[in-house]
Amino acid sequence: MNIIYSMKKIVLILGLAAACAVSRADEGMWLPSLIEARIIDMQDKGLRLSAADLYSVNQACLKDAIVQFGNGCTANLVSDKGLIFTNHHCGFSQIQSHSSPEHDYLKDGFWAKNLSDELPNKGLTVKFLQYMEDVTEQVLEGLSSEMDEATRKKVIDANRAKIIKNAVAEKWIRATVDALYYGNQYFLFVYKIYEDIRLVGAPPSSIGKFGGDTDNWIWPRHTGDFSLFRIYADKDNNPAPYSKDNVPYQPKQFLKISLKGVQENDFTFIYGYPARTSEYLFSEAVKYLAERGNPAKIRLRTLRLDIMQAEMAKDAGIRIKYAAKQASVANAWKKWQGELSGVVRLKTVEKKKQTEQAFTLWAADKPEYAALVTQFSKLYAEIDTYAFVRDYQTEAFNANELIRFAANFLPFAEGKKLSTDSLIQRLKSVSDDFFKNYVQAIDQQCFEVLLSEYVKHVPKGLTSPVVERAYKDYRHDMAKWTASLYASTLFTHRDKVEKLLRLSPEEIAKQLNKDPIFSLYRESNDFYKEKVEKPYNALNSQIETLYRAYMRGLMAFQSERPFYPDANSTIRIAYGKVSGYKPADAVYYLPQSTIEGIMQKDNPDIYDYDIPQKLRDLYAAKDYGRWAVDGTIPVGFLANNHTSGGNSGSPVLNGDGHLIGLNFDRTWESTMSDVVYDSEICRNIALDIRYALFVMDKLADAGYLLDEMIFVE
Ligand code: ARG
Ligand code: GLU
């Protein structure tokens, strides 16, 4: 088919999909520049703003008050001095990095009393979207229907590179060209990156992480999951590396904060950076997730978490060192469990199979689509084992900290021509970060347990030969092998690593090749790349090609369905309403939680529920100040905005675009929404912004920060 013709058809289908999508519209994460197509529906539901108020390139608009925070979260501006709100868990590793047993900001919280107290954070950046643009036509230029996939990809990559180059006008601008709908559409995103971001304030974890992993992904929720940072700029308001001469950034727009609160059924929307969803996955891929992938990953993480938690309970220093690592391991571990039970409960595999059957019937006379379902099934059957080994490689092999650390040294051993100085500088910094939070006892136990799982479950022929050999040499005594490895490697010793980095590149290579952990990593990695990753990637690229056609076909086949592109860490708007839900027969969850719930959970004997004494006192005295609402303090609320990981720290906005909450989680029953969204039951969890303000004002005596903000009463 003529490529221009087929492209026009795609654009038509995409347009149609957006226009037809009135039903089920709570589902979806929409591109801001195309929000025009949704705006009538949003206004019908309670938005009192125009499309240009949400997104415009010609005037300041809401998008200018939203940033991607680090690489994985969202934050929002709330003052004309660059002050941003994000979640406590989004700033967690920064808060941790400034902490020690003497100044434990995780435990006690941190509040800068003035600008000069604000703490700089190495490596932390925020990015502002400047503009976004459909570049499908340019990306697909020069393609012909006879091209094989590899040539096609080359042409596309070259076109993308050209577009990016043209878009980057200044040194602080970054641009990406991202594929949407499996490469049926391409968008250019142009960002301005700020790199001097300072910690302003964080409540103690007993507020910011209240409920810990016990309550994580769960409603009712009472976590005060917020922290504050500030963006700094040079005197021209442009990005600059950290300097004491930098000044607070002046935003084009910042959010006003509504103190009016929320009621059930109120319109809300969310602006942020969801990372990854797979809503159009083929049935076999969901089946893999439910039957093999998630169960294996959950089991491996359970083993790892048990070890971490036991060691963390023994010692405050270890608890700080492993706080962020443990939280991140536990977070996905718990989510995968909810996701697994969600796709089983919703019978997602069966339902997808029915759709695929109907699709095949519809496609019978359409050569472009007719064989897709059969081809998918065949390829998924072939990729299954490789996908499984890949999961083991990530969760059982590379999950070992020492192996990941050793991996950084690979460039030396490969004998490439190196710019040695910068590499050594980089490794020094990697090594500082590594040893700052490394506890050998934890890592060594994990190694023993995870490698035991690896040899047991990875199929013969795909197991790393070094591992097999050693395991045999040690007569299947994993403990003994592990002990000998950890006793003889240099990577457990900071001084030895530092000494290594003072040698010549040739000497470094020699030492590395003698090191048992490095050799284990290197040989296993070479083997994995050749025997697992290569065939996996080959099959996966065929699968991706099928998805490109399938996505197109699906849009034509289900023309009434509201299609939106899967999340891919680009900026999106989701909208819906404040709403409770029915998690089970005869149970209804109200959409709002209050301080009463915190007091009901409060228990000094349970780490996750032990609140600061001052909060108990404020509660006892009902000393709520201006933050009291009907004699209590609202803490969290639910809405049915379609969100994902990465939406943490996203502002939850009311119909006027005023800040009412900070998104930070989803409910247990919604965790499958990355694969299948169900508007009956899927809910995002937000912190009621008034609880954050109460904590700052009454608990932290940081009320001076409120003076920077604008409230709408
Ligand atoms: N579940 C939320 C998210 O996906 C919060 C995670 C942080 N909290 C925790 N207890 N680990 O990021
Ligand atoms: N806590 C998640 C995050 O860090 C958001 C929750 C979700 O996955 O929806 O982005």
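All values reported here derive from a predicted model rather than from experimental measurement. (Residues numbered from 1 in each chain as written. Chains lettered and ligands numbered in written order. Predicted model: local features only at pLDDT ≥ 70, side-chain atom pairs only at ≥ 80, totals over all residues. Heavy atoms only, no water.)

Asks: Which residues make up the overall build of the protein chain, and what are the values?
Replies: Within the protein chain, the secondary structure is distributed over 25 helices and 22 strands. For the protein chain, the C-alpha radius of gyration of 26 Å lies close to 27 Å, the compact-globule estimate for 713 residues. Each principal axis of the C-alpha atoms in the protein chain carries an extent, and together these give about 70 × 70 × 60 Å. Residues counted as buried form 57% of the 713 residues belonging to the protein chain. Here the protein chain displays about 29800 Å² of accessible surface, and carbon together with sulfur accounts for 52% of that area. In the protein chain, which carries 88 positive and 92 negative side-chain charges, the distance between the mean positions of the two groups comes to 4 Å. (Helix = DSSP H or I, 4+ residues; strand = E, 2+ residues; numbered from the N terminus. Rg over C-alpha atoms; globule rule 2.2 N^0.38 Å. Buried < 20%, exposed > 50% of the residue type's maximum accessible area, 1.4 Å probe, protein only. Areas by Shrake-Rupley, 256 points an atom, 1.4 Å probe, with all protein chains shown as cover. Lys, Arg positive; Asp, Glu negative; His and termini not counted. Charge placed at Lys NZ, Arg CZ, Asp CG, Glu CD.)

Asks: Which residues make up the site of ligand 1, and what values do they have?
Replies: Around ligand 1 lies a shell formed by His-89, Lys-209, Gly-212, Asp-213, Asn-216, Trp-217, Ala-327, Asn-331, Phe-664 and Asp-665. Within the side chain of Asn-331, one N or O atom sits 2.8 Å away from a nitrogen atom of ligand 1. Asp-665 places a polar side-chain atom, nitrogen or oxygen, 2.8 Å from a nitrogen atom of ligand 1. When isolated, ligand 1 has an accessible area of 340 Å², and the protein chains bury 89% of it. (Near = heavy atom within 4 Å. Polar contact = N/O pair within 3.5 Å; in protein donor to acceptor, adjacent residues only side chain to side chain.)

Asks: Now, about the packing of aromatic side chains: what can you tell me, with residues and values included?
Replies: This structure, assessed with the given rule, holds 44 aromatic pairs. Measuring from ring centre to ring centre gives 5.4 Å for Phe-376 and Tyr-550, while their planes differ by 80°; the resulting arrangement is edge-to-face. Of this pair, Phe-376 sits in helix α13 (residues 372–397) while Tyr-550 sits in helix α22 (residues 516–557), and the two are 174 residues apart along the sequence. For the pair formed by Phe-376 and Tyr-550, the shared burial category is buried. Both rings, one in Phe-405 and one in Phe-491, keep their centres 5.7 Å apart while their planes meet at 80°; by these two values the pair is edge-to-face. One end of the pair, Phe-405, is in helix α14 (residues 401–407); the other, Phe-491, is in the loop between α19 (478–488) and α20 (494–500), and 86 residues separate them in sequence. Of the two residues examined, Phe-405 and Phe-491, each falls in the buried class. In this arrangement the basic side chain of Arg-38 is found over the ring face of Trp-30, its NZ or CZ atom lying 3.9 Å from the centre. Above the face of the Trp-336 ring, Lys-297 is positioned so that its terminal group lies 4.3 Å from the ring centre. (Phe/Tyr/Trp six-rings, centres within 6.5 Å; stacked < 30°, edge-to-face > 60°. Lys NZ or Arg CZ within 6 Å of the ring centre and 35° of its normal.)

Asks: Can you lay out the site of ligand 2 for me, pointing to particular residues and giving the numbers?
Replies: Ligand 2 sits among His-89, Trp-217, Thr-643, Ser-644, Gly-645, Gly-646, Asn-647, Ser-648, Phe-664, Asp-665 and Arg-666. Side-chain polar atom of His-89 to an oxygen atom of ligand 2: 2.9 Å apart, as the coordinates give it. Burial of ligand 2 by the surrounding chains reaches 91%, relative to a free accessible area of 290 Å². Classifying every residue of the shell around ligand 2 by side-chain character gives 2 nonpolar, 7 polar and 2 charged. (Nonpolar A, V, L, I, M, F, W, Y, C, P; charged D, E, K, R; others polar.)

Asks: So what's going on with empty space enclosed by the protein? Which residues, and what values?
Replies: With the rule as written, the count across this model stands at 1 cavity of 30 Å³ or more. Of the pockets and cavities examined, the largest cavity occupies roughly 40 Å³. In terms of lining residues, the largest cavity is bounded by Arg-304, Met-308, Ala-399, Asn-400, Glu-401, Ile-442, Asp-443, Cys-446 and Leu-450. The dominant element in the lining of the largest cavity, judged by the number of residues it contributes, is helix α17 (residues 440–457), at 4 residues. Among the residues forming the lining of the largest cavity, the class breakdown is 5 nonpolar, 1 polar and 3 charged. (1 Å grid on protein atoms, 1.4 Å probe; cavity = no way out; pocket = protein on both sides within 12 Å on 5 of 7 lines; lining within 4 Å. Points joined across faces, edges and corners; volume = space filled by probe spheres on them.)

Asks: Could you give an account of the pattern of salt bridges, with specific residues and numbers?
Replies: Enumeration according to the criterion identifies 43 salt bridges in this entry. Between Lys-287 and Glu-291 there is a salt bridge whose closest N-O contact spans 3.9 Å. Remark: Glu-291 and Lys-287 occur in helix α10 (residues 283–314); sequence separation between them is 4 residues, near one turn of the helix. Overall, the relative accessible area of 53% leaves Glu-291 in the exposed class. In this structure, the salt-bridge partner of Lys-456 is Glu-453, at a minimum N-O distance of 3.7 Å. (Salt bridge = Lys/Arg side-chain N within 4 Å of Asp/Glu carboxyl O.)

Asks: I'd like a description of the packing of helix α24 (residues 613–621) against helix α25 (residues 689–699), backed by residues and values.
Replies: Running from amino to carboxyl end, α24 crosses α25 at an angle of 100°, the nearest separation of the two axes being 11 Å. By the angle between their directions, the pair α24 and α25 is classed as roughly perpendicular. Across the interface between the two elements, Lys-614, Leu-615 and Leu-618 from α24 touch Tyr-691, Phe-694, Lys-698 and Leu-699 from α25. (Axes fitted to C-alpha atoms, helices over the stretch in contact; angles between N-to-C directions. Parallel < 35°, antiparallel > 145°, perpendicular 65-115°, else oblique. Contact = heavy atoms within 4.5 Å.)

Asks: Which residues make up the packing of α13 against α17, and what values go with them?
Replies: Following both chains from N to C, one finds α13 and α17 inclined at 165°, their axes separated by 9 Å at the closest point. Comparing the axis directions of α13 and α17 gives the class roughly antiparallel. Crossing handedness for the pair α13 and α17: left-handed. Residues Phe-388, Tyr-392, Gln-393, Glu-395, Ala-396 and Phe-397 of α13 lie in contact with α17, whose contacting residues are Leu-450, Leu-451, Glu-453, Tyr-454 and His-457. Looking at side-chain class alone, the contact of α13 with α17 contains 7 nonpolar, 2 polar and 2 charged residues. (Left-handed = near helix turned anticlockwise from the far one by under 90°.)

Asks: For unusual backbone geometry, give the residues involved together with the corresponding values.
Replies: Along the chain, Trp-219 connects to Pro-220 via a cis peptide bond; the corresponding omega equals 0°. Positionally, Pro-220 belongs in the loop between α9 (212–215) and β10 (227–233). Unlike most non-glycine residues, Tyr-181 shows phi in positive territory, near 50°. Within the secondary structure, Tyr-181 sits in the loop between β7 (173–180) and β8 (185–194).

Asks: Provide a residue-level description of the environment of Ile-193, including the pertinent values.
Replies: Summarising the element assignment, Ile-193 is placed in strand β8. Under the relative-accessibility criterion, Ile-193 is labelled buried at 17%. Placed 68 residues apart in sequence, Ile-193 and Thr-125 show a C-alpha to C-alpha distance of 6.6 Å.

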